Amino acid sequence: MGISDLDLTTGAEIAAPSNPVNKPGSFSQRSHPSSWQVISWVAMGATLGALSIAISGQSYWIDEANTAWRAAEPHFGAFLARMVAETGSDAQMPFFLVAIWVWEKIAGDGEIALRMMNLLWLIPGLYIFANGRVDRLLVAGTSAFLWYYIDEARPYGMQIGASLMVFGLLERAVVAASDRGAEVPLLSRCQAWLLAFGLIALAGSSLLGAIWAAAAVAAAACAVSWRSRRLAASHLIGPSVLLVVVMAPLGLYYLWTVIGGAGGTKVATTDARTLFFSAYELFGFAGLGPGRTDLRTGEGAIVFSYVVALASYAILVAAVTLAGLIQAIRNIPPRTLAACAIAFTSAAALILIAGYILHWRVVGRHLAPAIAVILALQAAGVALLWRRPVGKLVVLGFLMMALASGASIRFAPRHAKDDYRSAAGVVRSALAEGDRVWWNADALGALVYSVPLGRECGSALYVSEPRPGFASTLEAPTLIVTSKSDIYDPEGILTAFLSDQHFQITETFQAFQIWRRAPSTDPLPCR
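Remember, it's a predicted structure, so these values are computed and weren't measured experimentally.

1. Concerning helix 1 (residues 34–53)
Quick reminder: α-helices carry 3.6 residues per turn. Residues three or four places apart thus point the same way. With 20 residues, helix 1 extends 29 Å from end C-alpha to end C-alpha; this agrees with the ideal 28 Å at 1.5 Å per step. The complete set of buried residues in helix 1 reads Trp36, Ser40, Ala43, Met44, Thr47, Leu48, Ala50 and Leu51. Around the axis of helix 1, the buried residues are gathered within 160° of arc, so they sit on the same side. The outward face of helix 1, more than 90 degrees from its buried face, is lined by the exposed residues Ser34, Val38 and Val42. The inward-facing, buried residues of helix 1 abut helix 6 (117–130), helix 7 (134–141) and helix 8 (144–150).

What follows is the structure in structure tokens.
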């Protein structure tokens, strides 16, 4: 069977709802012969194989180092005490941190080991979301956004998996509710419990995940009629009780963290540029453009080197997404469409407004659960376009460029993570030789890679956001490690010190610079 014979809207039924709406190219499912089941399972395996390749052994970057440090705590009581004492956003990721603490005790603390936990969430989420549809599997497997965040030991993989699960199950319920003659529950008992689990995982992954979970429930409640809700009641009592028992204290915990001042790092605020970058990430452009380090350092001109690839992909993304919107408008009841649109935009708007008011930068990862809606729309667009010869070319071009974007994120040097591991190796060697070292980067990144921090010999001095005259009371260093000056040297005080004291860059790693004094001016080493 050639690809030209493939109907991308089809696939095997996987726990489909009763009396599904059989509209060509819609978000629903149809029954198909066993050959289609084989195709859908092959597509599922290929998608998971592709996304597994995305998991790398690269160094932890700043946020991942925070995760690794907390997960490595041997005692659960001490781990919880650290979490609740946190004033940053990690305090607002309770279930994710508990899950990765347990996972680290099973799989170990290596970079690949911790990141592999994302597959525990992705596999069931993708299985339920796809429901045997090849189009959804193809779009998910080539999503650069998934490629990027599956390779993060952070809550985004958990959020993506849980949001895919919640979307798929709520979709089944809404489709079943559209059959006015049906007299059976909208979800089976197993599906109802899975929905409760998905909502708890999404809400517990972080405070932002809780916003998206609430939006999903609100959308489904508005989309389903009172009659359908009564049909669902018998199977939802137990899961609903579980949700109340878990969500009530979770909500109080989140409120307590907000009152206590926990939240995102206030490095920059949310503005039009961050909104654009969020869309840039979510729609899969990131791998085709410059690396984040280049973008962060303000080298805007470098974008022009990638303008052809970015513009070409933008045309294809626009065509596929527009086709998906057309399919949605044609096949989804207005009430359901309006409920989903209002809930989706309200959740995103709330997060963006909070970022603007509280002065923290919202980027694509903070909107990670929205990827379920984007993938569903793009899959519907792929299914619609595939019916025409020209549309097939658009689909193939879109999938190929999307996959190239994901592969670039995984393998291109410009997209490598901040290399704390290599920088730490240089520091450990320098300390062993008696150098006095200053560490102007994330403190936990140093500790995770066994760099001792302190004032005594054999330790690196942690220098962050220095003030004028800071060096007057310190012994002169022989080596200084710097990274992301907008975070760790926002006023440029250390940068001026490096120039005044004739330090020179001797090595660079991703997002890092290693500075040493000119040989003729080296002070005595630390003894």
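2. A word on the sheet that holds strand 2 (residues 461–462)
Taking strand neighbours across the sheet as the criterion, the five strands line up as 2-1-3-5-4 in an open arrangement whose pairing is mixed. Since the sheet does not close on itself, it has two edges, and those belong to strand 2 and strand 4 (503–509), each with one partner. Bridge count for strand 1 (residues 437–440) against strand 2 is two bridges, and the pairing is parallel. Each bridged residue has a counterpart across the sheet, and for Trp439 the counterpart in strand 2 is Tyr462. Contacting strand 1, strand 3 (479–482), strand 4 and strand 5 (512–517), helix 22 (residues 493–500) crosses the sheet at an angle of about 145° to strand 3.

3. Observations regarding the packing of aromatic side chains
Considering all chains together, one arrives at 25 aromatic pairs under this definition. Judged by centre distance (5.9 Å) and plane angle (40°), the ring pair of Tyr253 and Trp256 falls under tilted. Placement of both Tyr253 and Trp256 in helix 12 (residues 226–259) is noted, with a separation of three residues, approximately one turn of the helix. Between Tyr313 and Phe398 the ring centres are 6.1 Å apart and the planes differ by 0°, which places this aromatic pair in the stacked class. A residue pair is termed long-range when its members are at least 10 positions apart, and Tyr313 in helix 15 (residues 307–331) and Phe398 in helix 18 (residues 389–411) qualify at 85 residues. Note on Tyr313: relative accessible area 2%, which makes it buried. Members of the aromatic cluster, connected to one another through ring pairs, are Phe276, Phe277, Tyr280, Phe285, Tyr313 and Phe398.

4. A closer look at the pairing of strand 4
Across six bridges, the pairing between strand 4 and strand 5 is antiparallel. By the bridge assignment for strand 5, Phe503 is matched with Arg517. Between strand 4 and strand 5, which pair antiparallel in sequence order, lie two residues; one of them, Ala511, sits at a positive phi of approximately 70°.

5. A look at the confidence of the model for the protein chain
Where the model shows low pLDDT, its predicted coordinates should not be examined in detail. Chain-level pLDDT for the protein chain is 87 on average; 87% of the residues reach the 70-or-more range. When the criterion is pLDDT under 50, residues 1–31 qualifies, and its contacts beyond four places in sequence or with other chains add up to 96 contacts.

6. Some thoughts on the pattern of salt bridges
Tallied over the full model, the rule gives 19 salt bridges. Across the salt bridge formed by Lys417 and Asp151, the nearest N and O atoms sit 3.8 Å from each other. With a gap of 266 residues between them, Lys417 in the loop between helix 18 and helix 19 (420–432) and Asp151 in the loop between helix 8 and helix 9 (156–177) connect regions that are remote in the sequence. Classification of Asp151 as buried rests on a relative accessible area of 5%. In this structure, the salt-bridge partner of Asp271 is Arg273, at a minimum N-O distance of 3.2 Å. With a relative accessible area of 26%, Asp271 lands in the partly exposed category. Ionic contacts of the salt-bridge type, sharing partners, join the residues Glu64, Arg115, Asp151, Glu152 and Lys417 into one network.

7. Examining the packing of helix 4 (residues 94–107) against helix 10 (residues 189–205)
In contact at an axis separation of 5 Å, helix 4 and helix 10 are set at 100° when each is read in the N-to-C sense. It follows that helix 4 is roughly perpendicular to helix 10 by the angle criterion. Together, Pro94, Phe95 and Phe96 of helix 4 and Ile200, Gly204 and Ser205 of helix 10 make up the contact between the two elements. Taken together, the residues of the contact of helix 4 with helix 10 sort by class into four nonpolar, two polar and no charged.

8. So, the nonpolar core
In this structure, Leu122, Leu126, Leu146, Ile160, Phe398 and Trp439 are the most contacted members of the largest nonpolar core, which totals 144 residues. Looking at this core, the element that brings in the most residues is helix 9, giving 14 residues. Non-local contacts of Leu122, meaning those with residues more than four positions away in its chain, are made with Leu48, Leu51, Leu146, Ile150, Ile160, Gly161 and Leu164. Residues Trp438, Ile493, Leu498 and Trp515 belong to the second largest nonpolar core, which totals 13 residues.

9. Quick word on the pairing of strand 1
Side chains Val437 and Trp439 of strand 1 all project onto a buried face; the interleaved residues Trp438 and Asn440 project onto the opposite face, where all are buried too. Traced from strand 1 through helix 20 (residues 443–448) to strand 2, the parallel crossover comes out right-handed.

10. Notes on a nonpolar patch on the surface
Together, Ile353, Tyr356, Ile357 and Leu358 give the surface a local cluster of nonpolar side chains, amounting to about 460 Å² of exposed area. Position of Leu358 among the secondary structure elements: in helix 16 (residues 334–358). Relative accessible area serves as the criterion here: at 47%, Leu358 is assigned to the partly exposed category.

11. Some words on the side chain of Arg70
Locating Arg70 in the fold gives a position in helix 2 (residues 62–71). Once residues within four sequence positions are removed from consideration, Arg70 is found in contact with Phe79, Arg82, Glu86, Asp90, Leu97 and Trp101.

12. A closer look at unusual backbone geometry
Phi is positive for Ser450, which is not a glycine, with a value near 65°. Within the fold, Ser450 resides in the loop between helix 20 and strand 2. When its relative accessible area of 52% is taken as the criterion, Ser450 is described as exposed. Notably, Glu465 is not glycine yet its phi reads approximately 50°, a positive angle.

Definitions and limits used
Residues numbered from 1 in each chain as written. Predicted model: local features only at pLDDT ≥ 70, side-chain atom pairs only at ≥ 80, totals over all residues. Heavy atoms only, no water. Helix = DSSP H or I, 4+ residues; strand = E, 2+ residues; numbered from the N terminus. Expected span 1.5 Å × (residues − 1). Buried < 20%, exposed > 50% of the residue type's maximum accessible area, 1.4 Å probe, protein only. Arc of directions from axis to C-beta. Contact = heavy atoms within 4.5 Å. Pairing = 2+ DSSP bridges. Axes fitted to C-alpha atoms, helices over the stretch in contact; angles between N-to-C directions. Phe/Tyr/Trp six-rings, centres within 6.5 Å; stacked < 30°, edge-to-face > 60°. pLDDT = per-residue confidence, 0-100. Salt bridge = Lys/Arg side-chain N within 4 Å of Asp/Glu carboxyl O. Parallel < 35°, antiparallel > 145°, perpendicular 65-115°, else oblique. Nonpolar A, V, L, I, M, F, W, Y, C, P; charged D, E, K, R; others polar. Core = buried A, V, L, I, M, F, W, Y, C linked by side-chain atoms within 4.5 Å. Right-handed = clockwise from strand over helix to strand, strands pointing away. Patch = residues over 30% accessible without salt bridge, like charges linked within 9 Å, V, L, I, M, F, W, Y side chains within 5 Å. Areas by Shrake-Rupley, 256 points an atom, 1.4 Å probe, with all protein chains shown as cover.

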